[in-house]
Amino acid sequence: MAVMRDMIPPFELFQPAGVDDAVRLMREHGDKGWVLAGGLDTFDWFKDRIKRPEAVIDLGGVDELKGIAVGDDGELEIGAMTSLTEVAENGDVRSGYPLLAEAAGLVATPQIRNQGTLGGNIIQDTRCWYYRSGWPCYRAGGNICYAATPRSMNREHCIVGASRCVAVNPSDTAPALIALDAEMVVASTGGERTYPAEDFFIGPDIDIERMTVLEPGDLLTRIRLPAPWSGARWYFEKIRDRKAWDFSLVSVASMVNVEGGVIRDARIVVNGIAPYPVRATAAERAATGQAPSDETGQAAGEIAVRGARALRHNDYKIALTRNLVKRAIRDAA
Amino acid sequence: MEFLRRALNPWGQDVPIGVSWDLIWAAVIIGAVFVVGHALMVPKKVGTGEIDPDEARGLPEKLQRHTVGARGFHWSMSAAMFVLLITAFFPVVGIQFPWVTIHWIAGVLLILTVLYHIYHVFAKQDFWAMWIGRRDIEEGKQGLKAALGRPGAKRPRAAKYPVDQKMFHHAATIVTIGAVVTGVLMMFRIDNFLLPQNMYLFSDSVWGWIYVIHGVCGIGLIFLVIAHVYFAIRPEKRWMTWSMINGWIDRDRYLENHDPERWVVGERGAVGELEGSGGGGGGTGQPALSDKA
Amino acid sequence: MAENVIGTDISPPDLRAKITGQARYAEDFHAEGMVFAKLLLSPMPHARVLGVDASAALAMEGVLGILRADELPVQAEGTREGALTDEPKYEGEPILAVAAVDETTAAAAVEAIRVDLEPLPFVLDPLDSLREGGPDAQLGGNMAGRGELTSLKWPASVFEEAGADRLPMGEAPVEWAIGDIDAGFAEANVVVEETIVHQSVTHHPMEPRSCMAYWQNGKLFLHGSTQSTERTRGNVARMAGVEPDDVVFIGEYCGGGFGSKISGSPIMAVPAVLSRKIGRPVMLRITRYEENYIGRARAGFQGWAKLGFRADGRMTALDLYLVQDSGPYGASDFFTAGTVATASYQPENMRFRGVAILTNTPPRSAQRAPGGAQIVAMLEPLVDKAARELDIDRLEIRKINAPDSDDGWLGAQQGRFTSAYVREALDLGGELFGWEEKKQLSGQRNGTKVTGVGIGLSPFTAGSTGRDGLLVIRPDGKLYVHQGIGNLGTHSIADTARPAADVLDLSWDQVVIVWGDTSKHLPYSTVQAGSQTTHAHTRANHAAATAMVVLLQELAARELGGSPSSYRVADGRVFRAGNRAAGMSFGEAARVAMELGGKFSGGEYPEDLHDATKAAVAGLAGEGLIAAARDNYERAGSVYTWVATFAQVELDVETGEVEIIDLASATDCGTVMHPRSLAGQTNGGVFQGIGMAKGQRWVFDPKWGIPFTKRFYTARPPGMLDVPPRPRFAAVDKADPYTPVGAKGIGEPPVGAGEAAYVCAVADAMGGLCLCRTPLTADMILAELEGRPRPYGLLDTHV
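Every chain begins its residue count from 1, and numbering advances along the sequence as written. Starting at A for chains and at 1 for ligands, labels are handed out in the order in which the entities are written. The model is predicted, so local features are restricted to residues of pLDDT at least 70 and side-chain atom pairs to those at 80 or more, both for listing and for counting; the totals for chains, interfaces and linings are taken over all residues. Neither water nor hydrogens contribute to the side-chain values; these are computed over all heavy atoms in the structure.

1. Regarding the overall build of chain A
Secondary structure assignment for chain A yields 13 helices and 12 strands. Scaling as 2.2 N^0.38, a compact globule of 333 residues should have a C-alpha radius of gyration of about 20 Å, and chain A matches this with 20 Å. With respect to the principal axes defined by its C-alpha atoms, chain A has extents near 60 × 55 × 35 Å. Residue exposure (1.4 Å probe, protein chains only): buried if accessible area is under 20% of the type maximum, exposed if over 50%, otherwise partly exposed. The buried share of chain A, reckoned over its 333 residues, is 62%. Any two residues whose heavy atoms approach within 4.5 Å at even a single point are treated as in contact. In chain A, of all internal contacts separated by at least 6 residues, the share reaching a separation of at least 24 is 64%. Here the accessible surface of atoms and residues is derived via Shrake-Rupley with a 1.4 Å probe, and residues count as covered only by protein chains that are part of the display. Element-wise, carbon and sulfur atoms account for 47% of the exposed surface of chain A, whose accessible area totals about 11,900 Å². Across chain A, the 38 positively charged side chains and the 45 negatively charged ones have centroids separated by 8 Å. Each helix corresponds to a stretch of at least 4 residues labelled H or I by DSSP, and each strand to a stretch of at least 2 residues labelled E; elements are numbered beginning at the N terminus. What the globule rule says is 2.2 Å times the number of residues to the power 0.38, and the radius of gyration is computed from C-alpha atoms. In this tally, Lys and Arg are treated as positive and Asp and Glu as negative; His is ignored, and so are the chain termini. Where a charge lies is defined by one atom per residue type, namely NZ (Lys), CZ (Arg), CG (Asp) and CD (Glu).

This is the structure we're talking about:
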């Protein structure tokens, strides 16, 4: 059968007005259903006719999933369908969580940020071009990773966390949310569950076909951020090939608390180097109790890339990760 | 239900990529039907109760059936097998954990136990003890009639290994070899320190069939394990199960189930293992003292 | 007197429609009963179609028919490309087309077709094909020579000798020399030598080559996207198997071509032939994905260069070897590259060797400075390297070697230039950029950022002799400039009409431009390629306007008495010199011409016009005062434009990222026709070049021969934020003496200038280290700075 691309096949569209309806529809359609948020990930798949759901459940009309609200204890709740532009520009986000505002503001282009949602950015699928080309790789249910051969084009692929699949998580907001110790609120017909952002992402060793804990029927509804860290230094940097409409080669998000010239507490998260955002816990430990200097940063950076293994074309990611972790610590001074 | 999982390769060619996971449930269901059917149709007869005192004369109370080495092999192999099956199929049915490394290491251990077994069989045991000969076939026919309760049919006494056990062994051997050989090849596709990664060692359809065979063998093992465990816990066979734990059977069980001519036990009174069998023309025809016990 | 319009900013007549979205491009048209076609693309890089089973597709409701390769009048053979093929030579090459009532049905029908394909050997890297036993891109060979396929293999010793770090250089089918290369090097005080790789890149015009066709009374009407209008008509006729007279081609707007749509596209044959077959108008909307495959690409080079310089900075020797990746059907970039190299450096001795090898990658065609942009970006950093060693200023060394109008020469034949004000352009650019101050910043470090500055000097062909101009003054008194050229997205469709207004001393609002539809009686024209439109077609319209003045004078003398030479033309009137009242308006002149007929109204015309122009004149006959003329102006030499671009960058040594802080360009492109448009063209070309230098990619999986850089995201052409917001621009503005208008083209030369300026600035920030590869992405830079393994082999291509 011949392959056709760039032409969305027909599907049945459902536009629920509430989370309950959405979750019910998702359960009803199971793996033949598809949840549509901003569509930036979705329509690529649909256009290439690689993902062909029978039913599309469009969350665009579910108002309860939109908006940003401050809770009684100073925590912030962001609806999963809130646009990235709103996240980047919202006053409460900018004042309390500038790290998240920065990360959201560096996503793709203004048009994509207007259309794209925070929830979609978090749970988006990997951009591995072998997988995205519709090749029957592990992640697509097959028995091979086309990107891991000695001649594969794997400049954008992972240096840690590989397990058969070497794709990376492409999200800009995910590392920021982990650094901010956010919680993901997930609804399903069974009720509501909450995951620390750090535990929300899973690697191919656990499930090679998923990037998050979400299973069919699960809906990410809200992102909850604890009350802002007072006085912490934040850092976000996204290295990419061009300044707009690009995913990161490597990105680093961090929160570092410095008191009396010494790092008291640090959360450093690297994305673009593994199938999930990687918390650099060893580097955090190494930096804690030290002055935020170039030396501390260098040492922590070296520790962060310990055990990293390059594929044929991505050795630079080791140096880049080390340098960005170094900056996260050094620049906290 | 489909037998194969298929996909279009990068060149749009239709290739197999593995066995359909629906077959897991098929194996489980067939296994369950077999177990239930067997349990319902075959009465639980614990021994024949007929022991010839003459035959018993001179035989010790306990006769060795499995050496320490044989038992060691059996249990280490089963441990590896259980780990392999759990790591293979639990993630498929939704119980997820990082399974790949455990799976291939268990596979390597399985290969080592199999290699030990092969060495042991050739060096320490009688290779022909597992051979199915004419007498085994006859034994099988009689046994089947007896099991089905045909009037007058009496379950014949077996050599050291009853024919059904031999059949199980051979089935297990075939699927294990299938799984092992394909499994070793599949290690070229994952990151491990034993074999270099080479995704393109074979064409993708050859790779596809390797995955299919591995899957079929694995699923076959599900069925075999179900059947094996079922027989192991059937009351009339428990003495045999115990012998795989403690190594010996008592004299009465020996005389009741085994033909002393086909499984000759040494006269020294020690727990001995003598295996004639070979049945027809296959064997040496000569009982041989093969175990130093 | 009307104000002279040349050299002023105008709003072109198509601008409003483009900005408001009212402009209709090929895919915006709709014809009664129109149906849609979809293409079935080859999934393999090289294969043979053994059989096609379309029965399931044809049985689907709404499917109207399929079109196979063997039904086309022009069929693929050897290096001739067909619109469809039964031996696809790259992944994505169209095999067949299906027509259905809508695209959804057509797409489903394509999916329902079974194509039995036999995979054939394929090759992506020309060097692989040159090895003994290496695969050939075509069954008949790996090289296109004079229309025939041949196979070229180099002995293993060539590769062994070269090792991994140097281009293997075996027998070169193309070789020429000037002077004595060995003597040149013997005379040199400094010699630099490098192996350099330049990637191939897809054109990526915003408008894909969609087209719609229908037939009426045996005449083909085709809406398409093209750079040249009149010259596309003949091409369409050939592809449809009919006479040019039986084709009406409509293409008023073109969403970019960059050389990929010079005279239409092979794919135009599909709706043309399919609509005739099924008897319904057929729309073929080309998607972005398909455009990547059939939309053409620039040929990549794997090259080697050795440059010798005397202590005074003069280039004594240039030895150049290029291996070109020609795609499946050939390309000629490498010829041009050798020629262009001479236009900047005027080497005292030179040797050029080149080999063009076919590969199973999408077809190549001209792309904005084909061959020129590549070679400039490859050689300019080497000139810098020599300048460093010689301790000569980098601007100075370019001036030392630059040609001038008096004794500059070009290419193997060492022909002359019509004009060359290169040093003036370099000086102007240096002043604009502040080179003297900025070069002091070179290597300065601020935190983790190091500054680099660079210059790219890029010559490219910028004109030729034009063809025919055709003007009509109608009774409304307006001048109708019939343009056979296409509206390729620049403003040339309007700008080339300006000389006519100036010659007739007519205000610009009295000029109507007729273009984009061959049923509107358009003259034969040059193709819109090679940056020649501005130069060539201003000549043609100048010639026609001059003829129009003569006609007006003759007509006035005939009507009002006196000698023709006593009449002047200005402000929409022809009148007796010194007495404006004694004359007539253009409108009156048009009415008189219509009454008189004959030579005044298209009844007679110069014999040297092209047949197509004659037919156009005949079609217009009697509609006003008609002047048509061929460009017979002298052109003594090659018309070249030079652009010098200056770049200042900051390189972050911890990330490998490069930010462009400042950009300034200066050009010698003759008389400035339209300052705003010229700045737009120059800066646009500079950005396009920077895109190639900085990150635009062309990546294939070597095992399967399939590309990944198929869309804007993965191919990464540059965006607005990748360049500084206010690039500066200036022009020497000295007229080229061999054209009455003085203008030279500008479309192509800026590309190499931008690309080279960027590459040189990055090398400067790295202490003069040339990575000798484009695109120069952050990963490569960082690996080099960190002393880590290079991400790619020195000669790796398609990565």
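2. A few points about the nonpolar core
Across soluble globular proteins, nonpolar side chains show a tendency to be buried alongside one another. In plain words, nonpolar cores are sets of buried Ala, Val, Leu, Ile, Met, Phe, Trp, Tyr and Cys residues tied together by side-chain atoms within 4.5 Å. Membership of the largest hydrophobic core comes to 93 residues, with the highest contact counts inside it found for Tyr130 of chain A together with Val98, Tyr758 and Ile781 of chain C. Considering every element that reaches this core, the biggest residue donor is helix H22 (residues 749-765) of chain C, with 6 residues. When we break this core down by domain, the ones giving at least three residues each are domain 1 (18-120 + 206-294) and domain 2 (300-463 + 637-786) of chain C. Ignoring any residue separated from it by four or fewer positions in sequence, one finds tyrosine 130 of chain A in contact with Trp135, Tyr146, Ala147, Ser152, Met153 and His157 of chain A together with Asp701 and Phe708 of chain C. In terms of nonpolar packing, the next biggest core, distinct from the first, is built from 61 residues, Phe309, Ala341, Val376 and Phe433 of chain C among them. Marked domain ranges trace back to an automatic or database domain assignment.

3. Some words on the pattern of salt bridges
Pairing between side chains of opposite charge can happen when their charged atoms approach one another. Think of a salt bridge as a Lys or Arg side-chain nitrogen and an Asp or Glu carboxyl oxygen that are within 4 Å of each other. Under the criterion given, the structure shown has 85 salt bridges over all chains. For glutamate 654 of chain C, the salt bridge is made with lysine 326 of chain A, and the minimal N-O distance between the two is 3.3 Å. A residue pair is termed interchain when its members come from two chains, as with glutamate 654 of chain C in the loop between strand E30 (640-652) and strand E31 (658-668) and lysine 326 of chain A in helix H13 (residues 316-330). Exposure class is identical for glutamate 654 of chain C and lysine 326 of chain A. Each is buried. Linking lysine 385 of chain C and glutamate 194 of chain C is a salt bridge whose minimum nitrogen-to-oxygen distance equals 2.3 Å. One end of the pair, lysine 385 of chain C, is in helix H11 (residues 372-390); the other, glutamate 194 of chain C, is in strand E9 (residues 190-198), and 191 residues separate them in sequence.

4. Overview of the interface of chain A and chain C
With 45 residues of chain A at the contact, the number on the chain C side is 53 residues. Buried area is calculated as the accessible area (1.4 Å probe) missing from two parts once they are joined, with the contributions of both summed. Taken over both partners, the interface formed by chain A and chain C buries close to 4,500 Å², and the fraction arising from carbon and sulfur atoms is 54%. Ranking the residues of chain A by area buried against chain C places Trp129, Arg242 and Lys243 of chain A at the top, with a combined share of 14%. At the junction of chain A and chain C, the tally comes to 15 salt bridges. Whenever a nitrogen or oxygen atom comes within 3.5 Å of another N or O atom, the pair is scored as a polar contact, on the condition that within protein one atom can donate a hydrogen and the other can accept it, and that pairs from neighbouring residues in sequence are kept only if both atoms are in side chains. At the surface where chain A touches chain C, the tally comes to 28 residue pairs in polar contact (both at pLDDT 80 or more). Put simply, the parts of the chain that give the side of chain A that touches chain C at least two residues each are helix H8 (129-132), strand E9 (233-239) and H13 of chain A.

5. Some points on the interface of chain C and chain B
On the chain B side, the residues contacting the 8 residues of chain C number 7 residues. Between chain C and chain B, the buried area comes to about 760 Å², and carbon and sulfur atoms account for 73% of it. Looking at the side of chain C facing chain B, the largest losses of area belong to Met44, Lys703 and Trp704 of chain C, adding up to 63% of the total buried there. Inspection of the chain C/chain B interface yields 0 salt bridges. Our count for the chain C to chain B interface comes out at 2 residue pairs in polar contact (both at pLDDT 80 or more). Three classes are used, and their members are as follows: Ala, Val, Leu, Ile, Met, Phe, Trp, Tyr, Cys and Pro are nonpolar, Asp, Glu, Lys and Arg are charged, and the others, Gly among them, are polar. Broken down by class, the residue content of the side of chain C that touches chain B amounts to 7 nonpolar, no polar and 1 charged.

6. So, the sheet that holds strand E4 (residues 94-100) of chain C
Strand pairing in a sheet takes place through backbone hydrogen bonds and is either antiparallel or parallel in direction. Residues and elements named next belong to chain C. Sheet architecture is open: 7 strands sit in the order E3-E4-E1-E14-E11-E12-E13, paired in mixed fashion. Strands at the two margins of the open sheet, each flanked by one partner only, are strand E3 (63-68) and strand E13 (247-250). Within the sheet, the average angular offset between the axes of one strand and its neighbour, ignoring direction, is 20 degrees. The pairing criterion for strands is at least two bridges between them, as found by DSSP. Direction of pairing for strand E1 (residues 35-41) relative to E4: antiparallel, over a ladder of 6 bridges. What sits directly across from alanine 37, in E4, is alanine 99. Running at roughly 125 degrees to E13, helix H7 (residues 230-240) makes contact with strand E11 (211-216), strand E12 (219-223) and E13 of the sheet. The angle between two axes is taken between their N-to-C directions and runs from 0 to 180 degrees, where each axis is a line fitted to C-alpha atoms and a helix contributes only its stretch in contact.

7. Observations concerning the pairing of strand E16 (residues 300-309) of chain C
Residues and elements named next belong to chain C. Taking burial as the measure, the 10 residues of E16 include 9 buried ones, the bulk of the element. Two strands pair when backbone bridges link them, and E16 and strand E17 (residues 315-325) are joined in this way by 10 bridges, in the antiparallel orientation. Following the sheet pairing, glycine 300 is matched in E17 by aspartate 325. Connecting the antiparallel pair E16 and E17 is a turn made up of 5 residues, with glycine 313 showing a positive phi of about 95 degrees.

8. Details of the sheet that holds strand E34 (residues 728-731) of chain C
Residues and elements named next belong to chain C. Taken together, 5 strands build an open sheet; the order of strands is E21-E22-E30-E31-E34 and the sheet is mixed. In the strand order of this sheet, the two ends are held by strand E21 (445-446) and E34, each with one partner. Sheet topology places E31 next to E34; 4 bridges connect them, and they run parallel. Paired with threonine 667 across the two strands is alanine 731, which belongs to E34.

9. Here we look at the environment of leucine 358 of chain C
Residues and elements named next belong to chain C. Here leucine 358 lies in the loop between strand E18 (349-357) and H11. Residue classification places leucine 358 among the buried positions, given a relative accessible area of 1%. Sequence separation between leucine 358 and methionine 143 is 215 residues; the distance between their C-alpha atoms is 5.7 Å.

10. Some thoughts on unusual backbone geometry
For the bond from threonine 774 of chain C to proline 775 of chain C, the omega torsion is -5 degrees, close enough to zero to count as cis. When you line up the elements, proline 775 of chain C lands in the loop between strand E35 (773-774) and helix H23 (778-786). In this structure, arginine 164 of chain A is a non-glycine residue whose phi angle is positive, near 65 degrees. Looking at the element boundaries, arginine 164 of chain A is found in the loop between H8 and helix H9 (173-179). Even without being a glycine, phenylalanine 258 of chain C presents a positive backbone phi close to 55 degrees. Inspection of the secondary structure assignment puts phenylalanine 258 of chain C in the loop between E13 and helix H8 (269-278).

11. Re the side chain of threonine 448 of chain C
Residues and elements named next belong to chain C. You can see threonine 448 is positioned in the loop between E21 and strand E22 (449-461). Judged by relative accessible area, which is 14%, threonine 448 ranks as buried. One polar contact links threonine 448 to aspartate 652, side chain to side chain, over a distance of 3.2 Å.

12. Overview of the pairing of strand E6 (residues 183-188) of chain A
Residues and elements named next belong to chain A. Most of E6 sits out of view: 5 of its 6 residues are buried. Alignment of E6 against strand E7 (residues 191-196), held across 6 bridges, turns out to be antiparallel. Looking at E7, one finds that methionine 184 is bridged to tyrosine 195. Note: E6 against strand E8 (residues 219-225), 5 bridges, orientation antiparallel. Residue pairing for E8: glutamate 183 is matched across the bridge by arginine 224.

13. Thoughts on the packing of helix H3 (residues 68-89) of chain B against helix H4 (residues 100-123) of chain B
Residues and elements named next belong to chain B. The N-to-C vectors of H3 and H4 enclose an angle of 155 degrees; their axes lie 9 Å apart at closest approach. With respect to their mutual orientation, H3 and H4 come out roughly antiparallel. Along this stretch, H3 crosses H4, giving a crossing that reads as left-handed. In this structure, H3 uses Gly69, Ala70, Phe73, Ser76, Met77, Ala80, Met81, Val83, Leu84, Thr87 and Ala88 to contact H4, whose residues at the interface are Ile102, His103, Ala106, Gly107, Leu110, Thr113, Val114, Tyr116, His117 and His120. Class assignment for the residues of the contact of H3 with H4 results in 13 nonpolar, 8 polar and no charged. In this scheme, roughly parallel covers angles under 35 degrees and roughly antiparallel covers those over 145, while 65 to 115 is roughly perpendicular and the rest are oblique. Crossing handedness is read from the near helix: turned anticlockwise from the far helix by less than a right angle, it gives a left-handed crossing, and turned clockwise, a right-handed one.

14. Overview of the packing of aromatic side chains
The criterion for an aromatic pair is that two Phe, Tyr or Trp rings (for Trp, the six-membered ring) have centres within 6.5 Å, with stacked assigned to planes under 30 degrees apart, edge-to-face to planes over 60 apart and tilted to the rest. Tallied over the full model, the rule gives 41 aromatic pairs over all chains. For the ring pair tryptophan 135 of chain A and phenylalanine 708 of chain C, a centre distance of 5.6 Å and an interplane angle of 45 degrees mean the geometry is tilted. In this pair, tryptophan 135 of chain A is assigned in the loop between H8 and H9 and phenylalanine 708 of chain C in the loop between strand E33 (706-707) and helix H21 (712-715), connecting two distinct chains. With relative accessibility at 3%, the residue phenylalanine 708 of chain C sits in the buried group. Clustering of aromatic rings is evident, with ring pairs tying together Trp129, Tyr130, Trp135 and Tyr146 of chain A, Trp11 and Tyr200 of chain B together with Phe122, Trp704 and Phe708 of chain C.

15. A few points about the environment of threonine 645 of chain C
Residue and element names in this part refer to chain C. Take threonine 645: it is sitting in strand E30. Note on threonine 645: relative accessible area 0%, which makes it buried. With 496 residues separating them along the chain, threonine 645 and leucine 149 place their C-alpha atoms 40 Å apart. With near-sequence residues (within four places) excluded, threonine 645 lies in contact with Gly454, Ile455, Gly456, Leu663, Ala664, Ser665, Val686, Ala753, Gly754 and Ala757. In terms of polar contacts, threonine 645 uses its side chain to reach the side chain of serine 665, at 2.9 Å.

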